[in-house]
Amino acid sequence: RQLQMPPISRDAVIAAVDLYGRCWTEQDPSLLSQLFTTDAIYIERIFDSRATFRGLEAIQEYWRYQIVGKQSNIAFRHVVDEMVRDSDRKIAVVKWMAELDNRR
């Protein structure tokens, strides 16, 4: 049985992307629980199977290692005007810009 979800509002998408940016710039993996369910799948790089993380704990661990452990001076900007929403399929596509210092 498919779960029926209400249409995704523009404000809800903006709030989610803003929270994602806050998680990133504040380097706070605990905030991710407000964005991801316990069975979420996070794909950091689509063509790299090592960059797919399954479950909130795996996503938070990736965040601790990659974001907190290697990145600093993070600037995040949501490009709101380029958002695309499909209310029939409950999908939103967003764009953001990020600049950061990254240690390898």
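Residues numbered from 1 in each chain as written. Predicted model: local features only at pLDDT ≥ 70, side-chain atom pairs only at ≥ 80, totals over all residues. Heavy atoms only, no water.

Participant: Any chance you could break down the overall build of the protein for me, citing the residues and the numbers?
Facilitator: Looking only at helices and strands, the protein features 2 helices and 6 strands. Counting from the amino terminus, helix and strand elements in the protein follow one another as α-β-β-α-β-β-β-β. Along the first, second and third principal axes, the C-alpha atoms of the protein reach 40 × 30 × 25 Å. Within the span of the protein, comprising 104 residues, buried residues form 31% of the whole. The long-range share in the protein, meaning contacts at least 24 apart out of those at least 6 apart in sequence, stands at 53%. Carbon together with sulfur atoms contributes 49% to the accessible area of the protein, which is approximately 7,600 Å² in total. Computing the positive centroid from 15 side-chain charges and the negative centroid from 15, the protein places the two 4 Å apart. (Helix = DSSP H or I, 4+ residues; strand = E, 2+ residues; numbered from the N terminus. Buried < 20%, exposed > 50% of the residue type's maximum accessible area, 1.4 Å probe, protein only. Contact = heavy atoms within 4.5 Å. Areas by Shrake-Rupley, 256 points an atom, 1.4 Å probe, with all protein chains shown as cover. Lys, Arg positive; Asp, Glu negative; His and termini not counted. Charge placed at Lys NZ, Arg CZ, Asp CG, Glu CD.)

Participant: Go over helix α1 (residues 10–25) with me, naming the residues and quoting the values.
Facilitator: Residues spaced three or four apart along an α-helix point in a common direction, a consequence of the helix completing one turn every 3.6 residues. For α1, which comprises 16 residues, the first-to-last C-alpha distance of 22 Å matches the rise-based estimate of 22 Å (1.5 Å per residue) to within 8%. Within α1, the full set of buried residues consists of V13, I14, V17, L19, Y20, G21, C23 and W24. Where the residues of α1 are buried, they touch β1 (41–43), α2 (56–70), β3 (71–78), β4 (84–86), β5 (91–93) and β6 (96–102). In the segment just after α1, Q27 is the residue with positive phi, at about 50°. (Expected span 1.5 Å × (residues − 1).)

Participant: How would you sum up the nonpolar core? Please name residues and give values.
Facilitator: By size, the foremost hydrophobic cluster in this structure holds 21 residues, and its most contacted members are W24, L32, F36, Y42, I59 and W63. Elements represented by at least two residues in this core include exactly α1, α2 and β3. By residue number, the principal contributor to this core is α1, which donates 7 residues. Excluding its chain neighbours within four sequence positions, the residues that come into contact with W24 are W63, I67, Q71, I74, F76, W96, A98 and L100. (Core = buried A, V, L, I, M, F, W, Y, C linked by side-chain atoms within 4.5 Å.)

Participant: Can you explain α2? Please cite residues and give values.
Facilitator: Taking 1.5 Å of rise per residue, the 15 residues of α2 would be expected to cover 21 Å, and the 20 Å separating its terminal C-alpha atoms lies within 8% of that figure. Burial in α2 covers these residues: L56, I59, Q60, Y62, W63, Q66, I67 and K70.

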